[in-house]
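Take a look at the letters that make up each chain.
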Amino acid sequence: MTDQIPVTVLTGYLGSGKTTLLNRILSEDHGKKFAVIVNEFGEIGIDNDLIVESDEEIYEMNNGCVCCTVRGDLVRVVQGLMKRKGRFDAILVETTGLADPAPVAQTFFMDEDVRAKAKLDAVVAMVDAKHFAQRLKDAPEAEDQVAFADVVLINKTDLVDEAELVKIEATVRTINPHAVIHRSERAGVSLDKVLDRGAFDLERILENDPHFLHADDHDHPEHECSPACDHHGHDHSHHGHDHAHDHSKLDANTHDTTVKSISLRAGEMDHTKFFPWINKLTQIDGPDILRLKGIVAFKEDEERFVIQGVHMIVEGDHQRPWRDDEKRETRMVFIGRNLDEEKIERTFNACVAA
Ligand SMILES: Nc1nc2c(ncn2[C@@H]2O[C@H](COP(=O)(O)OP(=O)(O)OP(=O)(O)O)[C@@H](O)[C@H]2O)c(=O)[nH]1
């Protein structure tokens, strides 16, 4: 069918550069209109605030991880979109950094309605060149994402040298011999490398994962999955699948709940306290902080400040003026392992402006 709407699934571990790529796609002058579906991890939604302002329609799904509890939501959102065909040319789905892309992709094959009107164009996986070696040791889902991708972007090339890049490319190639690999800095690739690829190959996936079209293999009953998804973070790597992606051995007890998210909220911050705090925290606890992001309201500052980081690398910038109808508050999310919630919350609150 020629009028199926192409769907691009953006995957990649926490902080690898998915939103950066999404923003690039939305900002570029390509004359296309996208519907964007964003799924994020963490109780308070921040990602939506980090996406460039555009007239694109953005659907947020924050109530869990798209590969488990909110998959039904994904079907409903896509079905809703299909009823309004003609208003957009393509769909982009940004998954959480912890998502297993297989069940997300599967959504586009399981539902008759969806299948008739939308077609998975490609699964694009972002790789954080700086932290990939570490991820292969501690986060098997990062490997799964690469294994499942049609296109792999080795991003953050500015943070590593050429020898390291060559090594990463070789590793990616070993994990996934079929993917097209590109390098990028700040997700700077020409968009024809990631969009309209016609790359998702069901035959190849079925070769690797004969169970791909069996819904039950991926469909985790909510009672098993939601505690991990909603509040504690989870690790899909231990769904029992190896490189052959045999999801049939799914076992709820294998969820790794060591990745947790901490959501913080406060009023206006004192910048003379906030920056030393975040610098010290990331220097000391950086190895355990997989991801941090926040919208900060500084006292006597007319603009929203966005801060974000991956392990010890933190960056921040003014985003735009606060609007009159917005509450000037600070929201932050930390995602990581072994995080001392009491300490982080207490020291965060100590930065509130007098
Ligand atoms: N140095 C460097 N930083 C980058 C590059 N690409 C993205 N970043 C930064 O890395 C951080 C994470 O980027 P995002 O695009 O938000 O990553 P993400 O994958 O959407 O993150 P999650 O949604 O939390 O999983 C941000 O601070 C980006 O500015 C790059 O090529 N080089």
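Heads up: the structure comes first, above all this text.
What counts and how
Residues numbered from 1 in each chain as written. Predicted model: local features only at pLDDT ≥ 70, side-chain atom pairs only at ≥ 80, totals over all residues. Heavy atoms only, no water. Helix = DSSP H or I, 4+ residues; strand = E, 2+ residues; numbered from the N terminus. Buried < 20%, exposed > 50% of the residue type's maximum accessible area, 1.4 Å probe, protein only. Contact = heavy atoms within 4.5 Å. Areas by Shrake-Rupley, 256 points an atom, 1.4 Å probe, with all protein chains shown as cover. Salt bridge = Lys/Arg side-chain N within 4 Å of Asp/Glu carboxyl O. Pairing = 2+ DSSP bridges. Axes fitted to C-alpha atoms, helices over the stretch in contact; angles between N-to-C directions. Lys, Arg positive; Asp, Glu negative; His and termini not counted. Near = heavy atom within 4 Å. Polar contact = N/O pair within 3.5 Å; in protein donor to acceptor, adjacent residues only side chain to side chain. Nonpolar A, V, L, I, M, F, W, Y, C, P; charged D, E, K, R; others polar.

Draft legend 1. Region of interest: the overall build of the chain. In terms of helices and strands, the chain carries 13 helices and 12 strands. Buried positions account for 55% of the 354 residues belonging to the chain. Summarising the internal contacts of the chain: among those between residues at least 6 apart in sequence, 76% fall at separations of at least 24. For the chain, the computed accessible surface area is about 15,000 Å², with 48% contributed by carbon and sulfur atoms.

Draft legend 2. Just the pattern of salt bridges, in detail. A full pass over the atoms with the stated rule returns 16 salt bridges. Arg265 is the partner of Glu329 in a salt bridge, and the nearest nitrogen-oxygen pair spans 2.7 Å. Linking Glu329 in the loop between strand E11 (313-321) and strand E12 (330-337) with Arg265 in strand E8 (residues 259-266), this pair joins segments that are 64 residues apart in sequence. A relative accessible area of 16% means that Glu329 is categorised as buried. The class for Arg265 is partly exposed, based on a relative accessible area of 47%.

Draft legend 3. Inspection of unusual backbone geometry at higher detail. Look at Arg186: it is not a glycine, yet its phi comes out positive at around 50°. Of note, Arg186 is situated in the loop between strand E7 (180-183) and helix H9 (202-208). Unlike most non-glycine residues, Glu300 shows phi in positive territory, near 60°. Counting through the fold element by element, Glu300 comes out in the loop between strand E9 (289-296) and strand E10 (303-310). For Glu300, a relative accessible area of 74% puts it in the exposed group.

Draft legend 4. Here's a closer look at the pairing of E10. Burial of E10 is extensive: six of the eight residues sit out of reach of the surface. Between E9 and E10, which pair antiparallel and follow one another directly, the connecting turn spans six residues, one of which, Glu300, has a positive phi of 60°. Sheet analysis places E10 next to E11, joined by seven bridges and oriented antiparallel. When the bridges of E11 are listed, Gly309 appears paired with Val314. Joining the antiparallel neighbours E10 and E11 is a turn of two residues, in which His311 adopts a positive phi near 50°.

Draft legend 5. Expanded view of the sheet that holds E12. The five strands are arranged E8-E12-E9-E10-E11 in an open sheet whose pairing can be described as antiparallel. At either margin of the open sheet sits one strand with a lone partner, and together these are E8 and E11. Ignoring which end each strand starts from, the neighbouring axes of this sheet average 10° apart. Sheet topology note: the E9/E10 ladder contains five bridges and is antiparallel. Considered in E10, the bridge of Gly294 is made with Ile307. On top of the sheet, helix H13 (residues 341-349) reaches E8 and E12; it is set at about 20° to E8, its chief contact.

Draft legend 6. Local environment of the side chain of Glu94. Looking at where Glu94 falls in the secondary structure, it is placed in strand E4 (residues 90-94). Buried and unpaired, Glu94 has no salt bridge, with Lys18 as the nearest side chain of opposite charge at 4.9 Å.

Draft legend 7. A look at the site of the ligand. Residues in close proximity to the ligand total 20 residues, the closest being Thr20, Arg186, Arg291, Lys293 and Glu315. One of the backbone N or O atoms of Gly15 is found 3.0 Å from an oxygen atom in the ligand. Contacts to the ligand include Arg186, whose backbone N or O atom sits 2.5 Å from an oxygen atom. Relative to its unbound accessible area of 650 Å², the ligand is 94% covered by the protein chains. For the shell around the ligand, the secondary-structure elements that each account for two or more residues are helix H1 (18-27) and E9. Per-element accounting of the shell around the ligand gives the leading share, three residues, to H1. Split by residue class, the shell around the ligand holds three nonpolar, seven polar and 10 charged.

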